[in-house]
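Structural overview
Listed below, chain by chain, are the residues.
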Amino acid sequence: MDRLLAYDEELKAGYTCYQNFLYGIQIRDYTRFLALFEQDYSTLPAYYQTTIATFKKVQTSIKMRWIYLIPTDH
């Protein structure tokens, strides 16, 4: 993966952004998830910004799902 990402900085930035959100969701760390919205994503392509805006729009629903619907393993 690193070799592929080394070819294009925009691709690398998008991949890193996606992985950060994915990790925050997987570990159900709402503080970490919220902190990701504070970063500057203006250099990412529009489709990434659309996804981030959607996450931001439904962030409370995501938190409620983590609290009430998904059992925790720890």
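Up top is the structure these notes are about.
What counts, and at which threshold
- Throughout this document, residue positions are counted from 1 along each chain, in the order its sequence is written.
- Since the coordinates come from a predicted model, pLDDT governs what is reported: local features require at least 70, and pairs of side-chain atoms require 80 or more to be given and counted, while whole-chain, interface and lining totals use all residues.
- Each side-chain value is derived from all of the structure's non-hydrogen atoms; neither hydrogens nor water enter the calculation.
- Note on conventions: DSSP H or I runs of at least 4 residues are helices, E runs of at least 2 residues are strands, and numbering of each starts at the N terminus.
- The buried label goes to any residue with under 20% of its type's maximum accessible area, the exposed label to any with over 50%, and the partly exposed label to all in between, with areas taken from a 1.4 Å probe on protein chains only.
- By definition, residues are in contact when any of their heavy atoms lie within 4.5 Å.
- Computed with a 1.4 Å probe, the accessible areas rest on the Shrake-Rupley method; for each residue, only the protein chains presented here act as cover.
- Positive charges come from Lys and Arg, negative ones from Asp and Glu, while His and the chain ends are left out of the count.
- Charge positions come from single atoms, namely NZ of Lys, CZ of Arg, CG of Asp or CD of Glu.
- Patches here: salt-bridge-free residues with over 30% relative accessible area, like charges joined within 9 Å, nonpolar side chains (Val, Leu, Ile, Met, Phe, Trp, Tyr) joined within 5 Å.
- By definition here, a salt bridge exists when the distance from a side-chain nitrogen of Lys or Arg to a carboxyl oxygen of Asp or Glu is within 4 Å.

**Quick notes on the overall build of the chain**
- Helix and strand counts for the chain stand at five helices and zero strands.
- Taken from N to C terminus, the helices and strands of the chain fall in the order α-α-α-α-α.
- Across the 74 residues of the chain, 23% fall into the buried class.
- A sequence separation of at least 24 residues applies to 55% of the contacts in the chain between residues at least 6 apart.
- Surface exposure of the chain reaches about 5700 Å², of which carbon and sulfur atoms provide 55%.
- Where the 8 positive side-chain charges of the chain centre and where its 8 negative ones centre are 9 Å apart.

**What about a nonpolar patch on the surface?**
- A surface patch of nonpolar side chains, amounting to about 460 Å² of accessible area, comprises Met1, Leu4, Tyr7 and Leu11.
- Along the chain, the position of leucine 4 falls in helix H1 (residues 2-5).

**Observations regarding the side chain of glutamine 59**
- Mapping glutamine 59 onto the fold places it in helix H5 (residues 59-68).
- Dropping the residues within four chain positions of it, glutamine 59 is found in contact with Tyr30, Phe33, Leu34 and Phe37.

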